[in-house]
Amino acid sequence: MTTQPAARPAASDRRRVSAEVGELARSSDPAARMLLARRRDLPSRIRDALAADADAKVAKSVATDPGLSDGALRAMVDRHGSRVAAKVAANPAAAPALLEELTWYGNTARKVLREVARHPRASVPALLVCLADQDARRVVAGHPALPLPVLLDLLDDADPQVVEAAAGNPSLPFAVMADLLNGRSAGSGSPLTHS
């Protein structure tokens, strides 16, 4: 018994689908454009047009697409501000400098801080800003780019979830891990007060 490869769509089917996608992208209904913007297989010209959409909900739906350029992400934030900032921060291709700028939204956009805290490309200055938010602090404590002195301070944090995240940070030196296992704090050698 032989297996047949899956049939590829005919060229006419691909053209029809492409025409339908273009029609949806030009729709006067923002809900239709928003649903289309969630797709991650769009042609770049359509994806970029949706990123420049005047409706914040449409832009927000496409904001996490890793194919968007830094310029498109910045333009989106300039146009829609805090309404799209958290989704832009969640974009895996967001540049470290953009992530740092997004932290300026501060307490008005706590979601932004949590997204920046978990972003693998976040810079040290951006991570330090994230420490001010308790939920983001729990995430940033496990970020491998966190400077060692800050990481060591987090091992003595009042929040046990922060301590746990810091103890599991892949950048924590082996010697500090050994001290933690032996019941000594990272800084003073005294017994740990947190479990």
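Every chain is numbered on its own, with residues counted from 1 as its sequence reads. Predicted model: local features are reported for residues with pLDDT of at least 70 only, side-chain atom pairs are reported and counted for 80 or more only, and whole-chain, interface and lining totals are derived from all residues. Calculation of side-chain values draws on the structure's entire complement of heavy atoms; hydrogens and water are dropped beforehand.

Asks: Which residues make up the overall build of the protein chain, and what are the values?
Replies: Only DSSP runs of H or I reaching four residues or more are called helices, and only runs of E reaching two or more are called strands; each is numbered from the N terminus. Across its full length, the protein chain holds 13 helices and 0 strands. Counting from the amino terminus, helix and strand elements in the protein chain follow one another as α-α-α-α-α-α-α-α-α-α-α-α-α. Think of it in three bands: with a 1.4 Å probe and only protein chains considered, a residue is buried below 20% of the maximum accessible area for its type, exposed above 50%, and partly exposed in between. Out of the 195 residues belonging to the protein chain, those deemed buried represent 38%. Nonlocal contacts in the protein chain, meaning residues at least 24 apart in sequence, comprise 40% of its contacts between residues at least 6 apart. The Shrake-Rupley method, run with a 1.4 Å probe sphere, supplies the accessible areas, and residue values consider only the shown protein chains as cover. Carbon and sulfur atoms make up 56% of the accessible area of the protein chain, which totals about 10,800 Å². Should any heavy atoms of two residues lie within 4.5 Å, those residues are considered in contact.

Asks: Which residues make up the packing of helix 5 (residues 70-80) against helix 6 (residues 82-89), and what values go with them?
Replies: To obtain an axis, a line is fitted to C-alpha atoms, over the contacting stretch when the element is a helix, and the angle between two such axes runs from 0 to 180 degrees between their N-to-C directions. Following both chains from N to C, one finds helix 5 and helix 6 inclined at 155°, their axes separated by 7 Å at the closest point. It follows that helix 5 is roughly antiparallel to helix 6 by the angle criterion. Once helix 5 is placed against helix 6, the crossing between them reads as left-handed. Residues L73, M76, V77, R79 and H80 of helix 5 pack against S82, R83, V84 and V88 of helix 6. Orientation categories follow fixed angle ranges, with anything under 35 degrees roughly parallel, anything over 145 roughly antiparallel, 65 to 115 roughly perpendicular, and all other angles oblique. Here is the rule for handedness: rotate from the far helix to the near one, and if that takes an anticlockwise turn smaller than a right angle the crossing is left-handed, while a clockwise turn gives right-handed.

Asks: Provide a residue-level description of the side chain of R47, including the pertinent values.
Replies: Relative to the elements of secondary structure, R47 occurs in helix 3 (residues 44-51). Counting of polar contacts relies on pairs of N or O atoms within 3.5 Å, with two restrictions inside protein: one atom must be capable of donating a hydrogen and the other of accepting it, and residues adjacent in sequence are counted only when both atoms are side-chain atoms. Polar contacts involving the side chain of R47 include one to the side chain of D48, which spans 3.1 Å. Here R47 is in contact with L42, V62, D65, G67 and L68, once residues within four sequence places are set aside.

Asks: Before we move on, could you go through the packing of helix 6 against helix 8 (residues 110-118) and cite the residues and values that matter?
Replies: Contact pair helix 6 / helix 8: the axes reach a minimum separation of 8 Å and the direction vectors enclose 15°. By the angle class used here, helix 6 and helix 8 are roughly parallel. Once helix 6 is placed against helix 8, the crossing between them reads as left-handed. Counted together, A85, A86 and A89 of helix 6 and K111, V112, E115 and V116 of helix 8 form the full contact between these two elements. Residue classes in the contact of helix 6 with helix 8 are distributed as 5 nonpolar, no polar and 2 charged. When residue character is reported, Ala, Val, Leu, Ile, Met, Phe, Trp, Tyr, Cys and Pro are called nonpolar, Asp, Glu, Lys and Arg charged, and the others, Gly included, polar.

Shape descriptors only; they carry no functional weight alone.
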